[in-house]
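Commentary on secondary and tertiary structure
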Amino acid sequence: MQYQSQAVAKPYFIAALGLFAGQILFGLIMGLQYVMGDFLFPEIPFNVARMVHTNLLIVWLLFGFMGAAYYMVPEESEREIHSPKLALALFWIFLIAGALTIVGYLAVPYATLAKITGNDLLPTMGREFLEQPTITKIGIVIVVLGFLFNITMTVLKGRKTVVSSVMLIGFWGLAIFFLFSFYNPENLVLDKYFWWWVVHLWVEGVWELILGSILAFVLIKVTGVDREVIEKWLYIIIAMTLITGIIGTGHHYYWIGAPEYWQVLGSIFSALEPIPFFMMAVFAFNMVNQRRREHPNKAATLWALGTAVMAFLGAGVWGFLHTLAPVNFYTHGSQITAAHGHMAFYGAYVMIVLCIISYSMPLMRGRAAANPPKAQVVEMWAFWVMTISMVFITLFLTGAGILQIWLQRMGDTPMSFMAGQDQIALFYWLREIAGVGFLIGLITYFISFFVGGEEQAS
Amino acid sequence: MQPSDNNSQECEGQSLAVIAEALYLSNLLLVPGLSFAVLLWLHLKHRKHESELAQSHLYETVKASLWVGVLLVVVNILIFLMGGYESANTWLVVIIYFTTVHSAFVLLGMLGLAKAMACKVWRYPLP
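The shown structure was predicted, so the numbers you read here are calculated from the model rather than taken from an experiment.

Describing the layout of surface pockets
Space inside the second largest pocket adds up to approximately 1,200 Å³. Lining the second largest pocket are 40 residues, with A:Val317, A:Phe320, A:Leu321, B:Leu29 and B:Phe98 sitting closest to its centre. Sorting the residues of the lining of the second largest pocket by element identifies helix 10 (274-289), helix 11 (298-321), helix 12 (325-331) and helix 14 (373-410) of chain A together with helix 1 (14-29), helix 3 (52-81) and helix 4 (88-117) of chain B as the ones contributing at least two each. Looking at the lining of the second largest pocket, its residues break down into 33 nonpolar, seven polar and no charged.

Listed below in structure tokens is the structure:
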């Protein structure tokens, strides 16, 4: 570790991994509720389990992104973090606020939670992924503003690189677009329209900038390829991300009451959205092929390559599968969407956070360059078990989605939603089994942190 | 894989190798048929190219493209034998085929392109 203050990333990563485990547990509970409707009812109703599953995902990824920034920015800027104390204070505020929110979801009915947190004063609750009480949202804004201040000051006072600039733009975008979660108009069309400015412009816009910068940072470190080469790739990738992703928001406007021209614009631009992921995969493999050194951290390299491939498949291929308006007319809101969501989030964001953890954690734990080979072997096993499990989760959900659409939306005598769900229960069981596989992979991943042995020379 | 000492540098036959991989990907993703025709023409024209890199990428991409074509024909024959495109099972096969097998060929092409850009020969894992 080159700078002492990089160590503030460690608690962020530990919290991220803890919340990740919680997300997977609630995913398994919910997966079982798909086939055993009264499982854990009324203690954990399906809607609550779903809310916890998705909210934990968002929060732990934010912890991971912030940890990544605190680790990367000092090295990029060649100076200590502006205020490590502020970073640690914000960590505890975010963790406590996040934990209280989850406890709130689980302990009281959602309507009661809205009432006791004063949602009447500024109503923002009740929308998918943005279910957090208004007071939590305000807390998130405070934490992110503090974080941005800290990181921006560090960058401004130090060396400016493409990697840190792209990351900074990504985080500022993240903060700015989150402000639309406070806009909650009565008109449902307007509500949905701007709701996507948070959801879509995060995951198919500014988050991709954060992803690109983390991937570039890790590749610079593990391959030794000239920074200039990697930065050129990064420029092109983020340009394509923004060119396709911003107007690509239109693929969410097909059927919500927005003007019809969105069907054309959304189809064209979102059909181009796989391009940056395609480039990212070629970029990652190209850099590893051109590498000038054999870095002992094989696991981090594997996560980097895995991110590029899985993001291309999940976000690119599975996104394209249902993005054209004539196709989406049938697939909208089906299990195809769930299939895409699972693999895209895992490939693009889960894996990149695990990648930077894999690269930085050994250094923060006092190792010279990487974990001992034995620990890396266990970690790479975890990589494969989690990744293969996610591939199967996606495939089973895809199968479920195709049958769901056929039975519910395409046949001569379309079935009702619940009747259709009964017909695809087998796929849900298979998905649950794959989910258990994923949990085994995650446990293996945690075990890898405790495997000792001789370190390999740098 | 060994570390490279030709970081970003042009090597003999690299352009042809990159073009071959790009045409292979274009055949799978953008302009099927026409891209393959150009690829085949390039392969025949440069069959005896002195660069091993160009030769290997041209040959391998033609071979992989033929595999893609053969598999597409086989899948379509199977679909018609199963009763045509008017059944849920067929769509299950079609979509799973394209999201897995076809995507796998695309991924292999991406790996090939990365190899070509790094001046390395590449062999598709196909018989």
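Digging into the pattern of salt bridges
Taken as a whole, this structure holds eleven salt bridges over all chains when the rule is applied. Across the pair A:Lys221 and A:Glu75 runs a salt bridge whose closest N-O atoms are separated by 2.8 Å. Residue A:Lys221 is found in helix 7 (residues 188-223), and its partner A:Glu75 is found in helix 2 (residues 46-77); the two are separated by 146 residues along the sequence. The residues A:Lys221 and A:Glu75 share a single accessibility class, namely buried. The salt bridge involving B:Glu60 is made with B:Lys63; its shortest N-O contact spans 3.3 Å.

Some words on the packing of aromatic side chains
All names here are of chain A. Using the criterion set out here, one finds 50 aromatic pairs over all chains in the structure. Taken together, a centroid distance of 4.3 Å and an interplanar angle of 25 degrees make the contact between Phe20 and Trp60 stacked. Pair noted here: Phe20 is in helix 1 (residues 9-35) and Trp60 is in helix 2, with a separation of 40 residues, a long-range link. Pairing Tyr71 with Tyr359 gives two aromatic rings, centres 6.4 Å apart and planes at 80 degrees, and the pair type is edge-to-face. Residue Tyr71 is found in helix 2, and its partner Tyr359 is found in helix 13 (residues 335-364); the two are separated by 288 residues along the sequence. Since its relative accessible area comes to 0%, Tyr71 is described here as buried. Residue classification places Tyr359 among the buried residues on the basis of a relative accessible area of 7%. Feature note: the residues Phe177, Phe180, Tyr183, Tyr193, Phe194, Trp197, Tyr253, Tyr261 and Trp262 constitute an aromatic cluster, connected by ring pairs. Across the ring face of Trp195, the terminal group of Lys192 is positioned such that the distance to the ring centre comes to 4.2 Å. Over the aromatic face of Tyr34 sits the side chain of Arg431, whose NZ or CZ is 4.8 Å from the ring centroid.

Concerning the packing of helix 10 of chain A against helix 4 of chain B
Between helix 10 of chain A and helix 4 of chain B, the least distance of the axes is 8 Å, while the angle of their chain directions is 45 degrees. The angle between helix 10 of chain A and helix 4 of chain B falls in the class oblique. Regarding helix 10 of chain A and helix 4 of chain B, the two cross each other, and that crossing is right-handed. Contact residues: A:Phe278, A:Ala281, A:Val282, A:Phe285, A:Asn286 and A:Asn289 in helix 10 of chain A; B:Met110, B:Leu111, B:Leu113, B:Ala114, B:Lys115 and B:Met117 in helix 4 of chain B. Tallied by class, the residues present in the contact of helix 10 of chain A with helix 4 of chain B amount to nine nonpolar, two polar and one charged.

Quick look at helix 3 of chain B
Residues and elements named next belong to chain B. When the terminal C-alpha atoms of helix 3 are compared, their 43 Å separation across 30 residues agrees well with the 44 Å that a helix rising 1.5 Å per residue should span. Measuring from the backbone nitrogen of Leu53 back to the side-chain oxygen at the start of helix 3 gives 3.2 Å, which picks out Ser51 as the cap. Directly after helix 3, the chain includes Gly83, whose backbone phi takes a positive value near 115 degrees.

Quick word on unusual backbone geometry
Trans peptide bonds make up most of the peptide bonds, and negative phi angles are found at most residues other than glycine. Residue and element names in this part refer to chain A. The omega torsion of the bond from Phe41 to Pro42 falls at 10 degrees, within 30 degrees of zero and hence cis. Of note, Pro42 is situated in the loop between helix 1 and helix 2. The phi angle at Leu40 is positive, at roughly 60 degrees, despite the residue not being glycine. If you trace the backbone, Leu40 turns up in the loop between helix 1 and helix 2.

Criteria and cut-off values
- Residues numbered from 1 in each chain as written.
- Chains lettered and ligands numbered in written order.
- Predicted model: local features only at pLDDT ≥ 70, side-chain atom pairs only at ≥ 80, totals over all residues.
- Heavy atoms only, no water.
- 1 Å grid on protein atoms, 1.4 Å probe; cavity = no way out; pocket = protein on both sides within 12 Å on 5 of 7 lines; lining within 4 Å.
- Points joined across faces, edges and corners; volume = space filled by probe spheres on them.
- Helix = DSSP H or I, 4+ residues; strand = E, 2+ residues; numbered from the N terminus.
- Nonpolar A, V, L, I, M, F, W, Y, C, P; charged D, E, K, R; others polar.
- Salt bridge = Lys/Arg side-chain N within 4 Å of Asp/Glu carboxyl O.
- Buried < 20%, exposed > 50% of the residue type's maximum accessible area, 1.4 Å probe, protein only.
- Phe/Tyr/Trp six-rings, centres within 6.5 Å; stacked < 30°, edge-to-face > 60°.
- Lys NZ or Arg CZ within 6 Å of the ring centre and 35° of its normal.
- Axes fitted to C-alpha atoms, helices over the stretch in contact; angles between N-to-C directions.
- Parallel < 35°, antiparallel > 145°, perpendicular 65-115°, else oblique.
- Left-handed = near helix turned anticlockwise from the far one by under 90°.
- Contact = heavy atoms within 4.5 Å.
- Expected span 1.5 Å × (residues − 1).
- Polar contact = N/O pair within 3.5 Å; in protein donor to acceptor, adjacent residues only side chain to side chain.

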